[in-house]
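A look at the structure
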Amino acid sequence: MPVRPVGKVLPGWAAIGLTVGAGVGSAAQNLANAELGQRTGHPVIGGLVNNTGGLVVVLLGFVALPSMRTGLRALRRARLPWWTYLGGLCGTFFIAAGTYVVPVLGVAVFTIAQVAGNSAGGLAVDRTRLAPAGRLGLTGPRLAGALLGVGAVALAQFGRPIGDLAPGLVLAGVLGGVLLALQGALNGRLAATGNPAAATAANFAVSASAMAVLAAVTGALVRLGSVDWPAGWYLYVGGPLGVGIILVVLLGIRSVGLLRTGLALVAGQLGGALLLDLRPGGPGASAAVLAGAVLTLLAVVVSGRAVRSAPTAT
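Residues numbered from 1 in each chain as written. Predicted model: local features only at pLDDT ≥ 70, side-chain atom pairs only at ≥ 80, totals over all residues. Heavy atoms only, no water.

1. Remarks on the overall build of the protein
When its secondary structure is counted, the protein shows 12 helices and zero strands. In the protein, which comprises 314 residues, the share counted as buried stands at 52%. Here the contacts in the protein between residues at least 6 apart in sequence split such that 85% fall between residues at least 24 apart. On the protein, roughly 13400 Å² of surface is accessible, and the fraction owed to carbon and sulfur atoms is 71%. (Helix = DSSP H or I, 4+ residues; strand = E, 2+ residues; numbered from the N terminus. Buried < 20%, exposed > 50% of the residue type's maximum accessible area, 1.4 Å probe, protein only. Contact = heavy atoms within 4.5 Å. Areas by Shrake-Rupley, 256 points an atom, 1.4 Å probe, with all protein chains shown as cover.)

2. Considerations on a positive patch on the surface
A surface patch of positive charge is lined by Arg73, Arg76, Arg77 and Arg79. With respect to the helices and strands, the residue arginine 76 is situated in helix α3 (residues 66-78). (Patch = residues over 30% accessible without salt bridge, like charges linked within 9 Å, V, L, I, M, F, W, Y side chains within 5 Å. Salt bridge = Lys/Arg side-chain N within 4 Å of Asp/Glu carboxyl O. Lys, Arg positive; Asp, Glu negative; His and termini not counted. Charge placed at Lys NZ, Arg CZ, Asp CG, Glu CD.)

3. Points about the packing of helix α4 (residues 87-105) against helix α8 (residues 196-218)
Closest axis-to-axis distance for the α4/α8 pair is 7 Å, and the angle between their directions is 50°. Here α8 runs oblique to α4, going by the angle between their axes. α4 and α8 meet at a crossing whose hand is right-handed. Side by side, α4 and α8 meet where Gly87, Gly88, Leu89, Gly91, Thr92, Ile95 and Ala96 of the first sit next to Asn203, Val206, Ser207, Ala210, Met211 and Leu214 of the second. Considered class by class, the residues forming the contact of α4 with α8 number seven nonpolar, six polar and no charged. (Axes fitted to C-alpha atoms, helices over the stretch in contact; angles between N-to-C directions. Parallel < 35°, antiparallel > 145°, perpendicular 65-115°, else oblique. Left-handed = near helix turned anticlockwise from the far one by under 90°. Nonpolar A, V, L, I, M, F, W, Y, C, P; charged D, E, K, R; others polar.)

4. A word on the UniProt feature "transmembrane region" (unreviewed entry) in the protein
The sites that UniProt annotates as "transmembrane region" (unreviewed entry) are residues 44-68, 80-101, 165-186, 198-221, 233-251, 258-276 and 282-302. Summarising residues 198-221: 96% helix, 0% strand, and an end-to-end C-alpha distance of 29 Å. This span, residues 282-302, is 76% helix and 0% strand, and a straight line between its end C-alpha atoms measures 31 Å. (UniProt positions renumbered as here; feature names shortened; annotations may be inferred.)

5. Some words on α3
With 13 residues, α3 ought to run about 18 Å at 1.5 Å a step, and its terminal C-alpha atoms sit 18 Å apart, in line with that. Taken together, the buried residues of α3 touch α2 (43-64), α7 (167-191) and α8. (Expected span 1.5 Å × (residues − 1).)

6. Re α2
Spanning 22 residues, α2 covers 33 Å between terminal C-alpha atoms, matching the ideal 32 Å at 1.5 Å per step. Those residues of α2 that fall on the buried side of the exposure criterion are Val44, Ile45, Gly46, Gly47, Leu48, Val49, Asn50, Asn51, Gly54, Val58 and Gly61. Contact partners of the buried residues in α2: α1 (12-40), α3, α4, α8, α9 (220-223) and α10 (238-256).

7. Thoughts on the packing of α4 against helix α5 (residues 107-126)
One can describe the packing of α4 onto α5 by two numbers: an axis separation of 8 Å at closest approach and a directional angle of 135°. What the angle tells us is that α4 and α5 run oblique. For α4 against α5, the interelement crossing comes out right-handed. From α4, Phe94, Ala97, Gly98, Val101, Val102 and Leu105 reach across to α5, where they touch Val107, Val109, Phe110 and Gln114. Its residues assigned to classes, the contact of α4 with α5 comprises eight nonpolar, two polar and no charged.

8. Some remarks on the pattern of salt bridges
Counted according to the given criterion, the structure contains one salt bridge. Glutamate 35 is the partner of arginine 39 in a salt bridge, and the nearest nitrogen-oxygen pair spans 2.6 Å. Placement of both arginine 39 and glutamate 35 in helix α1 is noted, with a separation of four residues, approximately one turn of the helix. Take glutamate 35: its relative accessible area is 16%, and that puts it in the buried class.

9. Some remarks on the side chain of threonine 200
Tracing the sequence through the fold places threonine 200 in helix α8. In this structure threonine 200 comes out as buried when scored by relative accessible area, which is 3%. Threonine 200 has contacts with Val58, Val243, Ile246, Leu247 and Leu250, leaving out every residue within four places of it along the chain.

10. Section: the nonpolar core
Counting 41 residues, the largest nonpolar core has Val102, Leu105, Val107, Ile112, Val153, Met211 and Val289 as the members making the most contacts within it. Top element by residues in this core is α5. It accounts for eight residues. Contacts of valine 107, omitting those with residues within four sequence positions, involve Ala27, Leu31, Val102, Ala273, Leu276 and Asp277. With 14 residues, the next largest nonpolar core counts Val58, Leu75, Ala202 and Phe204 among its residues. (Core = buried A, V, L, I, M, F, W, Y, C linked by side-chain atoms within 4.5 Å.)

See the structure below:
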């Protein structure tokens, strides 16, 4: 049966403003994790620090906030299917993919790829009963938006020398976006029990566990003892940013609905990604990447013309 979120929790202007900020934070999170992975000599270390930091924030919230403890108890009493708690696995892949892709392609191209994947993934999720509102029909605007998103990825790669093309990395970014759509649907079902903070906590508990396993398999855990940790506080903010992003998106969906939340998040992601790529020492933003970003935003606007029966999560 569909699970429907309850209760508007923020004024519309506040929800949209916070979500734009969360989008900028998402771009900064990807860059911080990737740079930390580069400086420590293993990409997965960036993701491991990200998820560990997020889990620490969640644990502090559990100790300090009675509402989170109450929400977790309500979540347990809801007796949701076990698979609704697996959204954190999708987030683990997205964070890990970013640590490999961003150093090669830049924040902007990775963002374009994941937004394209998120549009396509949203189509697939809407055809299932995974989302909180249940199964939704395929619409022309949503399909057109997904196709425009794919075109944006191709356009962002235009003009790159053949030897510099990295289709495998681009596909990893796209797949990360697909899994983000699935993560949003699953987290949305958890948040529909009434407490977004509890859903965020459950997400990070699963995500941190999965990242620890990935670090063990890839040898990142073995390297931790010999890592020369770089200076720079900004390299370690990925985890707290991740907690804030998930919480803001869930609050935004409950306050202004999925479509406006998605538009605000993408606007922040693209703007933040382009600015970060223009930083000193960054890859810069070529005309192709700028055009791809514009086409990506157009894709989201077009897909947002679809009429939805109820807000869901992506």
